[in-house]
Amino acid sequence: MRSECGYDLGMRNPCGCGITSFLSARRRMFGGELIVRSLHNMVERGNGLGAGYAGYGIYPERKDHYALHLMYEDEQCRQSTEDYLRLYFRIFEAEPIPTRLVASIDSPPIFFRYFVLPKEDALETDWTEPAWDEFVMSRVTEVNSKIPGAFVLSSGKNMGVFKGVGFPLEIGEFFRLDEYQGYCWIGHSRFPTNTPGWWGGAHPFTMLDTAVVHNGEISSYGINRRYVEMFGYRCTMMTDSEVVAYLIDLLHRKHKIPLQLIPAILASEFWKNIDLMESEMKKLHESIRQVYGSALLNGPFAIVVGHRDGMFGLADRVKLRPMIAAKKDDVLYIASEESAIREICSEPDSVWMPRAGELVSGSYEEVQQ
Amino acid sequence: MRMIQPDFRIEIDHEKCRKCGRCVFNCGFGALKLRDRVIPEPERCAGCHRCVSFCPEQAITVELNPLAFRPNENWTPGHIKAIYKQAETAGILLTGMGNDKPYLNINDHLLLDACQVTNPSIDPLREPMELRTYLGRRQDRLEFNRENGKWSIKTPEPKLLKVEVPILFAPMSYGSISYNAFQALCLAAKELDTLMYTGEGGLPKELYAYGDHIILQVASGRFGVHPEYLNVGAGVQIKIGQGAKPGIGGHLPAEKIPQHISRTRMIPEGTDALSPAPQHDIYSIEDLRMLIYALKEASGYKPVCVKIAAVHNVAAIASGILRAGADQVYLDGFRGGTGAAPFITRDHLGIPIEVAVAVVDQRLREEGIRHLGTIVAAGSVRSAADAVKLIALGADAVAIGTAALLAMGCHLCQKCHTGNCSWGIATQRAELVRRLDPEWAADRLVNLVRGWEHEIKEVMGAMGINAIESLRGNRERLRGLGLDSETLKILGVKPAGAPMG
């Protein structure tokens, strides 16, 4: 609930959803219209109450700056947010996010983007990248939780999130995604079971470079939220999926947990399987469950996560939500339905159904950097 | 003249009675005599139903003595009778078991969530449903090594105690309960792969074999504490306070100290065992820290648990306890049972366990030290539902005392302090103790916990949760009904009707 931000709708919406994504390991560029097409093919999985996209590699000329995508209710909160940002950041560029008029989209919020770096004097102690990240995370959390009517939609480098209330096609059209080129795209259409008509509630949810699209409902949300809040995160977007972004940021960036072990936390092995493992492996999984039990995502989910070094997909420990993956040359596709993949890649080299709790991961080939 | 009238009335149906004398033999309180026929002496009756349970003819009825005081909502019969007794004796009035006053019961005002449509529920009979719980101090994060493509744990493994079901047996001392009752708890804890606490009466040598399932108490009287004792268990518990009698010590009357108790407690036979109110080496949190580390040193670095009564400042105290080095904080709510306590203490001191768990869990999270220790909640866990609610509020596990005694045959007559327990539980009279078959009692304890285990799995399945760690501290799945808003705020629980948020 966000009474302090004027969004006292008092609900956190569970939803059924469609997700799709692809990543080119060689960082080949693809236009945003591709992900829109893929997502539009699963239009039945949404109900027009939310769609969104994350594009990676879309700001090559500003790739070393944090790209802050902001959503404002009105001009006044833009003013106060910009005053706040100027206190803490050197702003290299600030502009409205270009949009198109779409007949079905009525009175959208205001969207701005800023390319920034932390101010040296604001960051007293440590002048290293991890410290910058931590600084940005704290400022983002502060904007989201303290400035009424202002929400950071994304805060990573060379990436950005475009999302809102509408069908996939409309949101793609509205944000002019066809004008962006990226090497990794993630899309999500939403079927919220209650509608606040709330733009911030669309997916993806982000923290720094991590962007999460989620199909599912988090039965463990109450404890997951209390867990991330112990580490300074604040859940402000009124959707349970938000907590997944913070969990992954916490585990992968702050706790430096290798990607390969993230599934052992979010979709832990069952004790009956752990008990049969050989001793080292057993100790590993035992310790993970002992220490990170509060981070276990219980309930049905399929997620796709974009991050600094690539993208991964994961389904819950009993796989109660669909997820399918495919590969064509250097491109990895992960989606809710095979049709979404076939729509943009008619003849994949391979298509497979990941098992419960199995990590499907794609990373960039370093030579291309 | 008799100022104090009996609480119960005993009716014998002499038509049915065959004068077999079984009731007379079974009554530990001497409330029945056999002459030409069975003669009740109701002033001795505790209302424990032993006679009723053993009468082959179903010829006995025990009912409340319908003695009518003029109705008065203020001066209840309880108040009036207490005054008569004190006017006669000038003493503190004693009782046994937990607070029986009609205070608001928070657990009875909490409701659980269930899945519908958007989130499938899980059938625990078909799918895994995990209750395994680890107790103790752990790191707040892990570091990993990678060798030959395989990941392993870099951070050293913490010493944690594993239980297959988050229901433990609460401390009830050997002395306050009989050897057979105590042994039954040991047998059941082992069978269930869970833990029991000893209470402050030490551990009889013959039961050392169950050590892996026993947490050994060190209390203010230091009864039965010696190096070997500290080393045979799974952990050590420092008892600061008890929910039924916060701030006061213990008193095991001389009648309950025959030879075998005296040997285990290391005190003379037939003397009162008096535990001081405070531990006289703990007058501050820094003193507690010294005792925690002294016990760790003496026990070969076993986990140390500190048991406190739930009192107003419980959150800050629990935080201090974990920062002082304890691995486990055991919270005992104001409804917790006792073998003997003054009425005034039992009925008027402390706070409910639900509140204590909520504020302690929240405080530890705010301080970022929730990982430093386990919260065990006790103090009237009456059902699996109570256990689930306490875990959802933030407890890692619950401990049952009264419920365990009930499973062994206790009828909650509240006369434990007399040592006359007809059921062979809270007594040391050999002829009464031998009535309780430890294996029979252990079976019933195991059945009870297994039953609760099934029930917990059932509601977890309904909530779409298949591991207990996703229930723990998950207050989102609780709703309050008929609780005031301040209480709800303290509990961190929304009122019924509020959506997820």
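That block above? That's the structure.
Just so it is clear, the model here is predicted, and its values are computed rather than measured.

A. Looking closely at the overall build of chain A. A tally of helices and strands in chain A yields 10 helices and 18 strands. A compact globule built from 369 residues should have a C-alpha radius of gyration of about 21 Å, and chain A, at 19 Å, falls within 12% of that. With respect to the principal axes defined by its C-alpha atoms, chain A has extents near 60 × 50 × 45 Å. A buried classification covers 64% of the 369 residues belonging to chain A. Expressed as a percentage of contacts within chain A between residues at least 6 apart in sequence, the contacts between residues at least 24 apart total 76%. Within the structure as shown, chain A displays about 12,800 Å² of accessible surface, and the carbon and sulfur contribution to it stands at 49%. Averaging the coordinates of the 39 positive side-chain charges in chain A and doing the same for the 49 negative ones gives two points 3 Å apart.

B. Seen up close, the overall build of chain B. Across its full length, chain B holds 15 helices and 23 strands. Relative to the 2.2 N^0.38 estimate, which gives 23 Å for 501 residues, the radius of gyration of chain B is 24 Å and therefore close to what a compact globule would have. Taken across its 501 residues, chain B has 58% of its residues classed as buried. Of all intrachain contacts in chain B linking residues separated by at least 6 positions in sequence, the fraction that spans at least 24 positions is 68%. Carbon and sulfur atoms provide 53% of the accessible area of chain B, an area that totals close to 21,300 Å². Placing the 58 positive and 55 negative side-chain charges of chain B at their respective mean positions leaves the two points 1 Å apart.

C. How the structure looks around the pattern of salt bridges. Applying the stated criterion across every chain yields a total of 63 salt bridges over all chains. Where Lys-101 of chain B meets Asp-100 of chain B, a salt bridge forms, and the shortest distance between an N and an O atom there is 3.1 Å. What emerges from the salt-bridge pattern is a single network uniting Arg-226 of chain A together with Asp-361, Arg-365, Arg-370, Asp-396, Arg-472 and Arg-475 of chain B.

D. Representation of the side chain of Asp-209 of chain A within the structure. All names here are of chain A. Residue placement: Asp-209 occurs in the loop between strand S11 (205-207) and strand S12 (210-216). Accessibility expressed as a relative area gives 7% for Asp-209, which makes it buried. Within the local environment of Asp-209, its side chain forms a polar contact with the side chain of Arg-308, the two groups lying 2.3 Å apart. Not counting residues up to four positions away in its chain, the partners in contact with Asp-209 are Tyr-56, Gly-156, Lys-157, Met-159, Gly-306, His-307 and Arg-308.

E. Local environment of the sheet that holds strand S4 (residues 66-72) of chain A. All names here are of chain A. The strand order across the open sheet built from four strands is S5-S6-S4-S7, with neighbouring strands paired in antiparallel fashion. Two strands close off the open sheet at either side, each with one partner strand: strand S5 (89-96) and strand S7 (150-154). When the angles between neighbouring strand axes are averaged without regard to direction, this sheet yields 30°.

F. Focus on the packing of aromatic side chains. All names here are of chain B. Summed over all chains, the structure comprises 26 aromatic pairs over all chains. A ring pair is formed by Tyr-103 and Phe-334, whose centres lie 5.3 Å apart and whose planes are at 65°; its orientation type is edge-to-face. A residue pair is termed long-range when its members are at least 10 positions apart, and Tyr-103 in the loop between strand S5 (94-95) and strand S6 (110-112) and Phe-334 in the loop between strand S18 (328-332) and strand S19 (341-342) qualify at 231 residues. By relative accessible area, Tyr-103 is classed as partly exposed at 35%.

G. A look at the interface of chain B and chain A. Contact residues are listed per partner, giving 46 residues for chain B and 50 residues for chain A. Both sides together, the interface formed by chain B and chain A hides about 4,100 Å², and carbon and sulfur atoms give 56% of it. Interface area lost by chain B to chain A is led by Trp-151, Arg-365 and Met-500 of chain B, which between them contribute 16%. Where chain B touches chain A, the interface holds six salt bridges. Measuring nitrogen to oxygen at the nearest pair gives 2.7 Å for the salt bridge that ties Arg-289 of chain A to Glu-130 of chain B. Here chain B and chain A share 22 residue pairs in polar contact (both at pLDDT 80 or more) between them. Broken down by secondary-structure element, the contributors of at least two residues to the side of chain B that touches chain A are strand S8 (144-147), strand S9 (150-153) and helix H10 (353-366) of chain B. Top element by residues in the side of chain B that touches chain A is S9 of chain B. It accounts for four residues.

H. Spotlight on the state of the cysteines. What the rule picks out here adds up to zero disulfides over all chains. Take Cys-410 of chain B: it sits in no disulfide, and the sulfur closest to it among the cysteines is that of Cys-416 of chain B, at 6.4 Å.

I. Layout of the sheet that holds strand S23 (residues 494-495) of chain B. Residue and element names in this part refer to chain B. Taken in spatial order, the three strands of this open sheet run S6-S22-S23, and their pairing is mixed. Every other strand in the sheet has two partners, leaving S6 and S23 as the edge strands with one partner each. As defined by bridge partners, S6 adjoins strand S22 (residues 478-480) across three bridges and the pair is classed as antiparallel. Considered in S22, the bridge of Leu-111 is made with Arg-479. Against the sheet, helix H11 (residues 384-393) contacts S6 and S22, and its axis sits at roughly 90° relative to S6.

J. Structural context of H11 of chain B. Residue and element names in this part refer to chain B. Burial analysis of H11 places nine of its 10 residues in the buried class, the great majority of the element. Along H11, the positions that sit buried rather than exposed are Ala-384, Asp-386, Ala-387, Val-388, Lys-389, Leu-390, Ile-391, Ala-392 and Leu-393. The first or second residue beyond H11 is Gly-394, which carries a positive phi of 140°.

Conventions adopted
- Residues numbered from 1 in each chain as written.
- Chains lettered and ligands numbered in written order.
- Predicted model: local features only at pLDDT ≥ 70, side-chain atom pairs only at ≥ 80, totals over all residues.
- Heavy atoms only, no water.
- Helix = DSSP H or I, 4+ residues; strand = E, 2+ residues; numbered from the N terminus.
- Rg over C-alpha atoms; globule rule 2.2 N^0.38 Å.
- Buried < 20%, exposed > 50% of the residue type's maximum accessible area, 1.4 Å probe, protein only.
- Contact = heavy atoms within 4.5 Å.
- Areas by Shrake-Rupley, 256 points an atom, 1.4 Å probe, with all protein chains shown as cover.
- Lys, Arg positive; Asp, Glu negative; His and termini not counted.
- Charge placed at Lys NZ, Arg CZ, Asp CG, Glu CD.
- Salt bridge = Lys/Arg side-chain N within 4 Å of Asp/Glu carboxyl O.
- Polar contact = N/O pair within 3.5 Å; in protein donor to acceptor, adjacent residues only side chain to side chain.
- Pairing = 2+ DSSP bridges.
- Axes fitted to C-alpha atoms, helices over the stretch in contact; angles between N-to-C directions.
- Phe/Tyr/Trp six-rings, centres within 6.5 Å; stacked < 30°, edge-to-face > 60°.
- Buried area = accessible area lost by both parts, 1.4 Å probe.
- Disulfide = S-S within 2.5 Å.

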